[in-house]
Structures are given as C-alpha cells and as structure tokens.
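Survey of secondary and tertiary structure
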Amino acid sequence: MRLARIGLLLPLTLAIVLLAAACGDDDSDDSQAATPDASAEGEASASADAEASAETAGSDTTSEPTPTPEPESPVGSESAASAPAEIMDAGDAGSGISLPIGNAPLPDDYSESEYLFGGMATSYVGVGELTGDGFWEAEADGSAPYRTRMIVRLPPAEAFSGVVLVEWMNVTAGADTAPDWGFLHEEIARSGHGYVAVSVQEVGVNGVADSAIEGGLIDTRGLVVRDPDRYGTLEHPGDAFAFDIFTQAGAAVAGLGDVDVLDGLVPEQVIALGESQSAIFMTTYVNAINPLVGLYDGFFIHSRGASALSPDGEGRDDTGAVLIRTDVPVPVFTFEAETDILVLGFEAARQPDSAMTHTWEVAGTAHADSYSLAVSAGLPRDASLGNVIGCAAPINDGPQHETLQAALSHMVAWVEDGATPPSSPIIEIDDGPDGKVIARDDLGIALGGVRTPPVDVPTRVLSGDPSSDDAGLCFLFGQTQPLPEGALGTLYTDEADYVAQLETSAAEAVANGWLLPGDAETMVAEETARVAELGLG
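Presented here is a report on the structure given in the accompanying data block. (Residues numbered from 1 in each chain as written. Predicted model: local features only at pLDDT ≥ 70, side-chain atom pairs only at ≥ 80, totals over all residues. Heavy atoms only, no water.)

This paragraph deals with the packing of aromatic side chains. Considering all chains together, one arrives at 17 aromatic pairs under this definition. Seen from their ring centres, Trp168 and Phe281 are 5.9 Å apart, and the 25° between their planes marks the pair as stacked. A residue pair is termed long-range when its members are at least 10 positions apart, and Trp168 in strand β6 (residues 163-168) and Phe281 in helix α8 (residues 277-293) qualify at 113 residues. Relative accessible area serves as the criterion here: at 5%, Phe281 is assigned to the buried category. Seen in terms of ring centroids, Tyr492 and Tyr498 are 5.0 Å apart; in terms of plane orientation they differ by 80°. Their pairing is edge-to-face. Classification of Tyr492 by relative accessible area gives buried; the value is 2%. Among the aromatic residues, ring-to-ring pairing joins Trp168, Phe243, Phe246, Phe281, Tyr285, Tyr296 and Phe299 into one connected group. Seen from the ring of Trp181, Arg153 lies directly overhead, with NZ or CZ sitting 4.6 Å from the centre. (Phe/Tyr/Trp six-rings, centres within 6.5 Å; stacked < 30°, edge-to-face > 60°. Helix = DSSP H or I, 4+ residues; strand = E, 2+ residues; numbered from the N terminus. Buried < 20%, exposed > 50% of the residue type's maximum accessible area, 1.4 Å probe, protein only. Lys NZ or Arg CZ within 6 Å of the ring centre and 35° of its normal.)

Structure below.
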C-alpha cells in the first residue's frame, strides 16, 4: 500500500543530500535474514489443486491422477542466511514513511510501503590476515537485538521483471540517503525491477550530532527521534552488526521468512547495491561475509575507493588497497567515476576482469554531480547547482546517470543469463610534478575509459578532478569548464556538423554497450539543445 511520503527538507535541499551521501565511507553487512515465502502464491496453488480434484472426482475417468508439482524453492533457499525474527508493515503509523534525503520521485505505477524488521543480529571478526587480494575469512563474534526498517517499491505484478535491487542506504550526510535510487530510478522503472532501501547503519536509526553538510540543512536526529510514533521501537546495536542486518533484509526480500514484503511478487534474482560509503562496506561484504551466507545473486558496487573495512566494521591497520576476491561465486560489477580513480584512490585496487568480476571506469564523470542534486527537485542538470552547497566552480554535469543505467542493465543480464558485460578501457594516468594525474587531451578531457558523446563530441570540458577553489564536499563533484576560446568553431563547421558527429558518437556508445538506446537518444537531444544555445553557426 502506498503510504504518505515525507520529505525531510525542501526539494532542492533533498537533492543536495543525495549527493552528499554519495561521498562517505561505506558500509555493508551480513547477517541472518529472510523474508517470507509467498504464502499467497501457496494458498492460490492449494485452491487451484482443490478445484481440480473436485472436477476430477465428478467425472468418469480411468486416467492416473496428476501428481501435484513440488513448490518452487524461493531464491536464496540454498543460503545459510535466516530471516529476521519479526517483520511488520509500518502502515500509516506516525507521519508516514520518512523518505531518504534527495529522494527521486516514485514512478507513477509503483507502490511504496515500509516494513519494520528485527531480531538478533550477528557481528563478525576477521580470521587471520586480511590480505590485499580479498581472500578474507571471518567468523561470528557476538549477537545483539536490533530493529530497523526497509522501504519497498514495487511495479505492478504484470510488469515485474523478477529482479529486486536491495540498496544499502548511505549515511554520510548524517541521515539515510539512497543515491543509487536517484541515479537509477528510470532504468529500474522501465525494466520493472523491484527496489528495497534498507536503513543498515546506526546513524540512520539513532542519528548523529553533526552532518557532513554544513549549515544545519540536514536533520540528523535519526528516525527514532524524528518520528517516535512510527519509529520509536527501532534500535541499532552499532555498525559491527550492519553486515548481518543487510543479510537479514536480503533474506526477507528473497522470501525466506513468514511475511511477504513483496506483496505476492516472487523474486528470481536479488541483487545488492551501494554507492560510495556503502560500496566500501560492500567490498568487505563480498570478500568476508558472502562466503559465509551466500544470499545475494550479485553485487553492484558503485564508486568505491581502494580500501575496505575489516569484518568487524572498523578500519584496518593496513589501509592498503583491497581487491575483490577472484573466487567470488556470483557477479560483482564495480562502477568507477573519473573522480574515484585518483581522488579516492581506486587506481590502487584495479584488477583485470574475470569470470565473476568486472569494472567500468567512466571518463568525464564525477563521484557526485549536478544530476544527483537536481533529480529529487525535478530540475534539469545544471553545473551551477553546486552553488547551493558552496561550490565556487561549476560542478560536473557529465554522463554518470546514463552510463550507470547501462551498467545496471548489463549487471541484470549477467546475473540472469550469464551474459558478460562489455569491457571498459581504463582511464589513462600520467606522472605529474606532484604525483599521478589523469592523462588528458589538449582540451583537458580524460583519455581512456568508457566514452560518451559529451566527452568525445564536447561543447564543454567535463572533469572528475576537484577545482582548486573547492571546499567541504565539493571535491567530490568534479568540474564543468568551457572549451578553450575558439575551440568550438575549430571542432565543428556548423551545428549540422556537430549533430552529425554527436549522433555518430552516440551510436558507437550504444554499440559498445556503454549507453542504452533510449538514454542515447535523450542525450543527443539534450546536447543538441545545448549547442543551439551556444550559437554554433
């Protein structure tokens, strides 16, 4: 049932935090979890069998009775994960669903509901050395009671793809944010995927004194304080238990428990995803927790740095790079923006693609950008939006949204059918006077990586590098700068020439698998409108 939808801040402020959430450390978690089997499906099946039996009894037939087929096992049924001890629909209690900050709009035909779930969560500890190759071992360490929430967004039954995405919400801003819902909501809706956002970390439930966003824009008091009538019974024992809470949430979604959080929909694949802070924790989850529980069918890791946390949720003594273990049994797709390569240090954790690990590095993109600021307010992408969060220079307005949607499409196909995603060149790196730098062409555009029309047929210079004037979180937002004077006329004879080159570049990106056709068409239209404003002859 769709519940009242609560915003924490004014729409633009919401958008701001969405981006902010894109910048923290990360968290992932493992646990015992599960959701209910589709009891409605079982009842319907039993009813159908009864009707069939009655018809057979009333007819004169000598044929052997048709055996009743065994019910299909729920996804995740081979997992060691167990369901939360309790799951309840939050209904219309309190002020309704407290939506993540910067929340992208709910698609028109999607439903939205919220469940409170809990029980006992397990913490973990590493066993032996936590080596850079990611071949980590962990074991259960302690247990504690917990109760948190998940937001469930579902398409109509006839449109359901069978895929459910479970996002570990980011808490860098001091409250729950769902950056991947913001970047991916269009592809989720048009593909008919289910989506679940989970308050995994302590900050989202219990709150924190201060936000990474200055100026008091963010209410960081936590769900328990903000709406005690709805969330007053929530409790979180700390992020050491977050891995297991995330596992239990996934198990609930997979249908392993007694309450159907998917309203009768039966998932065929359950995919975990998380961005920035959440991606760092998810790296730990893949390496240390997934071998113990084996629940999720794949992991979509968005904008991680080079390192990872230890299985107890704390920082490691060795802060060096950590790879994704190469024996992982399910697909792991890592998506890196240009900013992530050197500013966040992912370059040290690069690894070759393998049967179950794959990485894209996308030129002309930033860890956070103007799209993520604009989406919840329904505003167009605009580099000047950085002013709202105190960024002196125009922030990146590049193609992360579109390329990330293509990556998700490939991820789903990989999990469903084993179709390996197209590969990505790495972004090239040079040695500069003060250390490594992104290699750039004469215009200042990055060399290598996934290529798109705004990068290869430019009307401005898109960069993931911080501006020299950046303060606070602005270093994660990259830059959008004008082309050198006279360059536009040198690159294109007139607008028709520009559009022809743009369309050729878009067709190449689609052929390479780096853009989906619909997104490529939209991109061409937006870039054509942009050049018309520039007045190219």
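The gaps of empty space that remain are located by a probe, the size of a water molecule, rolled over the atoms. The final tally for this structure, using the stated rule, is one cavity of 30 Å³ or more. A volume near 50 Å³ is recorded for the largest cavity. What lines the largest cavity is Arg304, Ile324, Val332, Thr334, Phe346, Ala349, Gln351, Thr357, His358 and Thr359. Among the secondary structure elements, those contributing two or more residues to the lining of the largest cavity are β10 (332-337) and β11 (357-362). Of the residues forming the lining of the largest cavity, the biggest block, three residues, is contributed by β11. The class makeup of the residues in the lining of the largest cavity is four nonpolar, five polar and one charged. (1 Å grid on protein atoms, 1.4 Å probe; cavity = no way out; pocket = protein on both sides within 12 Å on 5 of 7 lines; lining within 4 Å. Points joined across faces, edges and corners; volume = space filled by probe spheres on them. Nonpolar A, V, L, I, M, F, W, Y, C, P; charged D, E, K, R; others polar.)

Inspection of the entire model under this criterion finds 20 salt bridges. Salt-bridge contacts for Arg153 lead to Glu112; the nearest nitrogen and oxygen are separated by 2.7 Å. Taken together, the residues span a long stretch of sequence, with Arg153 in strand β5 (residues 137-154) and Glu112 in strand β4 (residues 111-127) at a distance of 41 residues. Residue Arg153 is classed as buried on the basis of its relative accessible area of 0%. You can call Glu112 buried: its relative accessible area is 0%. The residue Arg440 makes a salt bridge to Glu338 at a minimum N-O spacing of 2.7 Å. Taken as a pair, Arg440 in the loop between β13 (435-438) and α12 (453-456) and Glu338 in helix α9 (residues 338-342) lie far apart in primary sequence, 102 residues in all. (Salt bridge = Lys/Arg side-chain N within 4 Å of Asp/Glu carboxyl O.)

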